[in-house]
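Listed here are the chains, written in short residue letters.
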Amino acid sequence: MNSNKIWIWLLINVYLPSVIVAIIRGILITAIPLYLISIGFTPAQVGIGTSAIFIGTLIFDLPGGVMLRKISERNLMRLSLAIITISTFLMYLYLNNTSVILLAILFGGGRSLWLLSRRYVISYYLDYSMRGRASSFIGASERIGTFIGPAIVAALIEVASYREVFLFSFLISLTALVSIIPFKRFELTKISVEELTPFKKLHLSKGYLISLSAIEFFVQGIRSSRLILIPLVGKVLLNLPDSMVGIALSISGALDVIGSYPAGIIIDRKGRSVSGLVSFGILAIGFILLALPYNYLYFYIAAIIIGLGNGFSAGLLITVGSDIGFSLGRKEGATFLAAWQFTGDIGSASFPVFIGGMAEVVPLPLLTALIGVTSALLALSINKAFKRIDSVIFGG
């Protein structure tokens, strides 16, 4: 396999559209709640609108696996970007509270199909020795979009209106759709796909798959916990102004992006188990430090460590899901990848809700420390569970 050619191919067909989709998501998760507040929605109604994209993602996850079995990943990519383009165009065309929420659900569905199709590409286009870096770049694209999207909203709202925000989203989504239309498979000419990895040796029992699914659920849950714990500690315990909490989140996000590429190198060269142990060990330290006596310095250091730990976990679950999906073959692998994505999405959604509810009855420092301890236990569990995969890849 010509590694230079495939990286260029991935840049054009996967990474650039991924950055665009991530930017649109960043725009919508910022613009939709602000728009709903501006037209007089209650906090509860705003909460429903804010969760609309995620609801759409969950709805489409499992059907996406069925679609992937029926049509090629290339057509699923095209369909996903078509859905995203149509949804943003209709937001611009029919701007009102009901249509924005319904179309955000549709956008979430399109995004789900995009995420699933690119997981499939990582699984069946790449050798195991490249999957970690390829997956970490995907993680980085999501983080870049989360940064850029809110800034675009802030800039456009200053000089235009929400309608122009949705128009901008449509125009860049159309760019991504046009770029993906001539999508062609990267041809593996020298060796067959079956010969790319020794993964046929990986014997998957039902119990092992269940344990991996539990890990996927908790990994995504712990990672999403930072999004609520850092603001809660900053606002509730330290009584910091919004701007200072925002700075902490920005610094944490910057470390998140910086850690993405080293994460891929660790996955590919040291193993999936080592990557999980390192990243969630760092997250455990960050969460425990966040729970320590109320101190501004500890708060900012904890936010930095949590961002770095989350960055080091970039691409880990995409890589492992690709490893398992490949070993199951194309048809069963498509179904597995959809279920794998769905399980992680449930974890991402449920943990912030759980933490928000528990914070009403459990002291916040104790709750934060418990998340830290859970992260440490998860690091050990990941290290043990993923060693089976590493033994197939690296021997031993």
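Structural notes, computed from the coordinates.

Quick notes on the rules
Within each chain, residues carry numbers counting from 1 in the order of the written sequence. Under the rules for a predicted model, residues below a pLDDT of 70 receive no local features and side-chain atom pairs below 80 are neither given nor counted, while totals for whole chains, interfaces and linings still include all residues. Water and hydrogen atoms were dropped before computing side-chain values, which therefore reflect all heavy atoms in the structure. Think of a salt bridge as a Lys or Arg side-chain nitrogen and an Asp or Glu carboxyl oxygen that are within 4 Å of each other. Runs of E in the DSSP output that reach at least two residues are strands. Runs of H or I that reach at least four are helices, and both are numbered from the N terminus. Here is the rule: rings of Phe, Tyr and Trp (six-membered ring for Trp) pair when centre to centre is within 6.5 Å. Planes less than 30 degrees apart are stacked, more than 60 are edge-to-face, and the remainder are tilted. Exposure is judged per residue with a 1.4 Å probe applied to protein chains only, and the accessible area is read against the type maximum: over 50% gives exposed, under 20% gives buried, and values in between give partly exposed. Here the axes come from fitting lines to C-alpha atoms, over the contacting stretch only for helices, and the angles between their N-to-C directions go from 0 to 180 degrees. The cut-offs work like this: below 35 degrees is roughly parallel, past 145 is roughly antiparallel, 65 to 115 is roughly perpendicular, and the gaps in between are oblique. Put simply, a crossing is left-handed when the front helix is turned counterclockwise from the back one by less than a right angle, and right-handed when it is turned clockwise. Throughout, a residue-residue contact means that at least one pair of heavy atoms, one from each residue, lies within 4.5 Å. Under the scheme applied here, ten amino acids are nonpolar (Ala, Val, Leu, Ile, Met, Phe, Trp, Tyr, Cys and Pro), four are charged (Asp, Glu, Lys and Arg), and all others, including Gly, are polar. Note on definitions: the grid is 1 Å and covers protein atoms alone; a cavity is a set of points where a 1.4 Å probe fits but cannot get out; a pocket is an open set with protein on both sides within 12 Å along at least five of seven lines; lining residues have an atom within 4 Å of a point. Grid points are joined across faces, edges and corners, and a volume is the space filled by probe spheres set on the points. In this scheme, a helix's expected span is set at 1.5 Å multiplied by one less than its residue total. We call two N or O atoms a polar contact when they sit within 3.5 Å, provided that within protein one can donate a hydrogen and the other can accept it, with sequence-adjacent residues counted only if both atoms are side-chain atoms. Patch membership needs two things, relative accessible area over 30% and no salt bridge, and members are linked within 9 Å if like-charged or within 5 Å if nonpolar (Val, Leu, Ile, Met, Phe, Trp, Tyr). Per-residue accessibility takes into account occlusion by the displayed protein chains alone, with areas from the Shrake-Rupley method and a 1.4 Å probe. Definition used in this section: a nonpolar core is a set of buried Ala, Val, Leu, Ile, Met, Phe, Trp, Tyr and Cys residues joined via side-chain atoms within 4.5 Å.

Considerations on the pattern of salt bridges
Where charged atoms from two side chains of opposite charge come close, those side chains can pair.
Consideration 1: Enumeration according to the criterion identifies 6 salt bridges in this entry.
Consideration 2: The closest approach of N and O atoms between Asp256 and Arg226, which form a salt bridge, is 3.5 Å. Here Arg226 lies in helix α8 (residues 206–237) and Asp256 lies in helix α9 (residues 242–258), a separation of 30 residues in the sequence.
Consideration 3: Three or more residues are tied together by salt bridges with common partners; here these are Arg111, Arg118 and Glu142.

Focus: the packing of aromatic side chains
Two aromatic rings, taken as a pair, are described by how far apart their centres are and by the angle between their planes.
Consideration 1: Within this structure, the stated rule accounts for 11 aromatic pairs.
Consideration 2: Both rings, one in Tyr35 and one in Tyr162, keep their centres 5.6 Å apart while their planes meet at 65 degrees; by these two values the pair is edge-to-face. Placement of Tyr35 in helix α1 (residues 3–38) and of Tyr162 in helix α7 (residues 162–180) is noted, with a sequence separation of 127 residues between them. Across the pair, Tyr162 and Tyr35 agree in class, each one buried.

As for the packing of helix α5 (residues 97–125) against helix α6 (residues 128–159)
Consideration 1: In contact at an axis separation of 10 Å, α5 and α6 are set at 160 degrees when each is read in the N-to-C sense. Considering the angle they form, α5 stands roughly antiparallel to α6. Every pair of crossing elements has a handedness; the one defined by α5 and α6 is right-handed. For the pair α5 and α6, contact is made by Arg111, Leu115, Arg118, Ile122 and Ser123 and by Arg131, Ala134, Ser135, Ile138, Ser141 and Glu142, respectively.
Consideration 2: Considering only residue class, the contact of α5 with α6 consists of 4 nonpolar, 3 polar and 4 charged.

Brief notes about unusual backbone geometry
Consideration 1: Of note, the phi angle at Asn239 is positive, near 55 degrees, even though the residue is not glycine.
Consideration 2: Examined against the element boundaries, Asn239 turns out to sit in the loop between α8 and α9.
Consideration 3: Asn239 sits in the exposed class, given a relative accessible area of 63%.

Examining empty space enclosed by the protein
Consideration 1: Using the criterion set out here, one finds 1 cavity of 30 Å³ or more in the structure.
Consideration 2: Lining the largest cavity are Val233, Leu237, Leu238, Leu289, Leu290, Leu292, Pro293, Tyr294, Asn295, Tyr298 and Phe299.
Consideration 3: Looking at the lining of the largest cavity, the elements that each hand over two or more residues are α8, α11 (272–290) and α12 (296–312).
Consideration 4: Here the residues of the lining of the largest cavity sort into 10 nonpolar, 1 polar and no charged.

Here's the deal with α7
At 3.6 residues per turn, the α-helix brings residues three or four places apart onto the same side.
Consideration 1: In this model α7 runs 28 Å from its N-terminal to its C-terminal C-alpha over 19 residues, within 8% of the 27 Å that 1.5 Å per residue would give.
Consideration 2: Among all positions in α7, only Tyr162, Val165, Phe166, Ser169, Phe170, Ile172, Ser173, Ala176, Leu177 and Ile180 are buried.

Regarding the side chain of Thr319
Consideration 1: When you line up the elements, Thr319 lands in helix α13 (residues 316–328).
Consideration 2: A distance of 3.1 Å separates polar atoms of two side chains, one belonging to Thr319 and the other to Ser135.
Consideration 3: Apart from the residues within four sequence positions on either side, Thr319 is in contact with Arg131, Gly132, Ser135, Ile267 and Arg272.

Quick notes on a nonpolar patch on the surface
Consideration 1: Taken together, Leu277, Ile288, Val373, Leu377 and Leu380 make up a surface patch of nonpolar side chains, about 440 Å² in accessible area.
Consideration 2: Counting only elements with at least two residues in the nonpolar patch, the list comes to α11 and α15 (364–394).
Consideration 3: Of the residues forming the nonpolar patch, the biggest block, 3 residues, is contributed by α15.

Points about the nonpolar core
Consideration 1: Residues Leu10, Phe299 and Phe386 are the most contacted members of the largest nonpolar core, which totals 108 residues.
Consideration 2: The element contributing the most residues to this core is α1, with 15 residues.
Consideration 3: Phe386 has contacts with Tyr208, Leu212, Ile215, Arg272, Ser273, Leu316, Leu317 and Val320, leaving out every residue within four places of it along the chain.

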